[in-house]
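Fold and geometry: a report
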Amino acid sequence: MLRFARIFLIFIAASLAMGAPQALSEIPVAEGQPMMLPTSPDALVAEAEAGEQSFTIEVADTDLKRSAGLMFRTSMGDMHGMLFVFEQTRPVSFWMKNTPMPLDLVFIGDDGLVAAVLPGEPFSLDSIGPDVPVRFVLELKRGTAQKTGISDGVRIRHPLIDRVAGAG
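Right, let's walk through the structure included here. (Residues numbered from 1 in each chain as written. Predicted model: local features only at pLDDT ≥ 70, side-chain atom pairs only at ≥ 80, totals over all residues. Heavy atoms only, no water.)

**Side note on the pairing of strand β4 (residues 103-108)**
Both faces of the sheet carry side chains from a regular strand, because those side chains alternate between them. For clarity, the threshold we go by: Burial classes follow relative accessibility: with a 1.4 Å probe on protein chains only, a residue under 20% of its type's maximum area counts as buried, one over 50% as exposed, and anything between as partly exposed. Secondary structure elements follow DSSP: runs of H or I no shorter than four residues count as helices, runs of E no shorter than two count as strands, and numbering proceeds from the N terminus. Strands qualify as paired when DSSP identifies two bridges or more between them.
Of all the six residues making up β4, six are buried; the element is thus mostly covered by neighbouring parts of the structure. Where β4 lies against strand β5 (residues 114-120), six bridges are found, and the strand directions are antiparallel. Bridge assignment links Leu-103 to a residue of β5, and that residue is Gly-120. Hairpin connection, β4 to β5: the antiparallel pair is bridged by five residues, and Gly-112 has positive phi, about 85°. Here six bridges tie β4 to strand β6 (residues 134-141), and the two strands are oriented antiparallel to one another. Counted as the bridge partner of Leu-103 is Lys-141 from β6.

Quick look at the structure:
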């Protein structure tokens, strides 16, 4: 525990020295506890065939946030998710090692279009990823994509996505 406290204090000092006090909000509460990120002020909207579907989201846009993701979460709202933002369009894959909730992983290209919707099985070590490079991944409760009409080719809108896609 003393070693953890020292490392934590070094991290805080380094973060403050670099002018990055927001980095403190990136630290999961404790080992084995879920990371809870602030909800984005902007809704994420899926332009599905049956009409627009609006979601509240948390944004995982750093390596630390992306690596913690929804690990250890046991519940989440039906119209809530986590948007993973990558700096570049590239092949990505996820696993569910410490994630007890079954998820829909919505892989989104840099054009804002859904490239694939794949299932995430709780606690699985299997790699989950599409055969094409993507820029964003939206994680939702299992079944939400189907219920809301999110499938390949559906446009996903959010200021972070629109900025890359050139929409807006």
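On we go.
**A word on the packing of aromatic side chains**
The test is simple: Working definition: a ring pair exists when centres of Phe, Tyr or Trp rings (six-membered ring for Trp) sit within 6.5 Å. Plane angles under 30 degrees give stacked, over 60 give edge-to-face, the rest tilted.
According to the stated counting rule, one finds three aromatic pairs in the structure shown. Aromatic side chains Phe-84 and Phe-94 sit 5.0 Å apart centroid to centroid with 90° between the ring planes, which places their arrangement in the edge-to-face category. On the criterion of sequence distance, the pair formed by Phe-84 in strand β3 (residues 80-90) and Phe-94 in the loop between β3 and β4 is long-range, its members being ten residues apart. On the accessibility criterion, Phe-84 (1% relative accessible area) is buried. Aromatic side chains Phe-94 and Phe-107 sit 6.2 Å apart centroid to centroid with 80° between the ring planes, which places their arrangement in the edge-to-face category. Taken together, the residues span a long stretch of sequence, with Phe-94 in the loop between β3 and β4 and Phe-107 in strand β4 at a distance of 13 residues. Neither residue differs from the other here; Phe-94 and Phe-107 are each classed as buried. Through successive ring pairs, a cluster of aromatic residues spans Phe-84, Phe-86, Phe-94 and Phe-107.

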